[in-house]
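# What the coordinates show
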Amino acid sequence: MNEKLDSLVCVILSGGKGTRLQSVVQDVPKPMADISGEPFLSLLLTRMIAQGVRKFVLSVGYKRDVIINYYRENPIAGVDIQFAEEVEPLGTGGGIKNAASVLDSSNYLVLNGDSTCAADISDFIESVEQSDQAAGVLVNHQDDCARYGQIVFDPVTHRSLEMKEKNPNAGAGYINAGVYLLPRDFIASLPNGAFSFEEVGFPLLMENGLYAYGNTNKFIDIGVPEDYYAVCANKSYYFPEVEGA
């Protein structure tokens, strides 16, 4: 067991409504979208558990009782799952700060609950710690970055230099894969209330040094129907950790 991962707290942002996906996934929060018999959120949990993570905080908002009831009725042996409830929407930034108040950790691994990419989390953490940078983010190379925010980083130091907004003419590059390693002190310095982490937190991270880790693959975001169907049809490809996928 990797001791760092065993003590690490993983926050999964699970509070979104998923407006673009509601034509095919209705009556449940987007992370609970069914993927060949189990929620997408459970696949994310399985991926992290397979790497040694044992402590989770699920940041829940929209139809939060669906998520809370499911995991209380279906506990995972040896795994601690807590919930950070949003009575009012807090945005990605407010959701992270609220979730970090539930379980204490020196560092938090933060995931979006509607996307995934394959990466060695132990190596990610080690790479950040061996750098002179305060935090880390997974980035994934795409031939066409039009749908996503793009991160430009120094190829030698891996220090993030610029975050580019979505651009239909973006071309090839590295996108933000939605997975962060954030120190406790940084999260504590964030403002209270509702705010976008991408708009408020990301610029602050870059000031303190944000390590871009690009050894990733199989990125997908289920926020649109075609990608949701792609995961359903190729579950074992995207989540080989899942037995019987």
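Higher on the page you've got the structure.
So, a few notes on the structure that sits alongside this text. Bear in mind that the values here come from a model prediction, so they are computed numbers and not experimental data.

Its volume calculated, the largest pocket comes out at about 980 Å³. Forming the walls of the largest pocket are 36 residues, and the residues nearest its centre are Thr92, Asn112, Asp114, Glu198 and Asp221. Elements that contribute at least two residues to the lining of the largest pocket include exactly α4 (91–100), β10 (160–164), β11 (173–183), α7 (197–208) and β13 (217–221). When residues in the lining of the largest pocket are grouped by element, the largest group, four residues, is from β11.

Below, the discussion takes up the packing of aromatic side chains. A full pass over the atoms with the stated rule returns ten aromatic pairs. Ring centres of Tyr180 and Phe202 lie 6.3 Å apart, and the angle between their planes is 70°; this geometry places the pair in the edge-to-face category. With Tyr180 in strand β11 and Phe202 in helix α7, this pair connects stretches of sequence that are 22 residues apart. For the pair formed by Tyr180 and Phe202, the shared burial category is buried. When the ring of Tyr228 is compared with that of Tyr229, the centres are 5.5 Å apart and the planes differ by 50°; the resulting orientation is tilted. Assessed through its relative accessible area of 9%, Tyr228 is described here as buried. What makes Tyr229 partly exposed here is its relative accessible area of 45%. Taken together, Tyr180, Phe186, Phe197 and Phe202 form an aromatic cluster joined through their ring pairs. Above the plane of the ring of Tyr237 lies Lys218, whose end atom (NZ or CZ) is 4.7 Å from the centre.

What counts, and at which threshold
- Residues numbered from 1 in each chain as written.
- Predicted model: local features only at pLDDT ≥ 70, side-chain atom pairs only at ≥ 80, totals over all residues.
- Heavy atoms only, no water.
- 1 Å grid on protein atoms, 1.4 Å probe; cavity = no way out; pocket = protein on both sides within 12 Å on 5 of 7 lines; lining within 4 Å.
- Points joined across faces, edges and corners; volume = space filled by probe spheres on them.
- Helix = DSSP H or I, 4+ residues; strand = E, 2+ residues; numbered from the N terminus.
- Phe/Tyr/Trp six-rings, centres within 6.5 Å; stacked < 30°, edge-to-face > 60°.
- Buried < 20%, exposed > 50% of the residue type's maximum accessible area, 1.4 Å probe, protein only.
- Lys NZ or Arg CZ within 6 Å of the ring centre and 35° of its normal.

These figures capture arrangement, not role.
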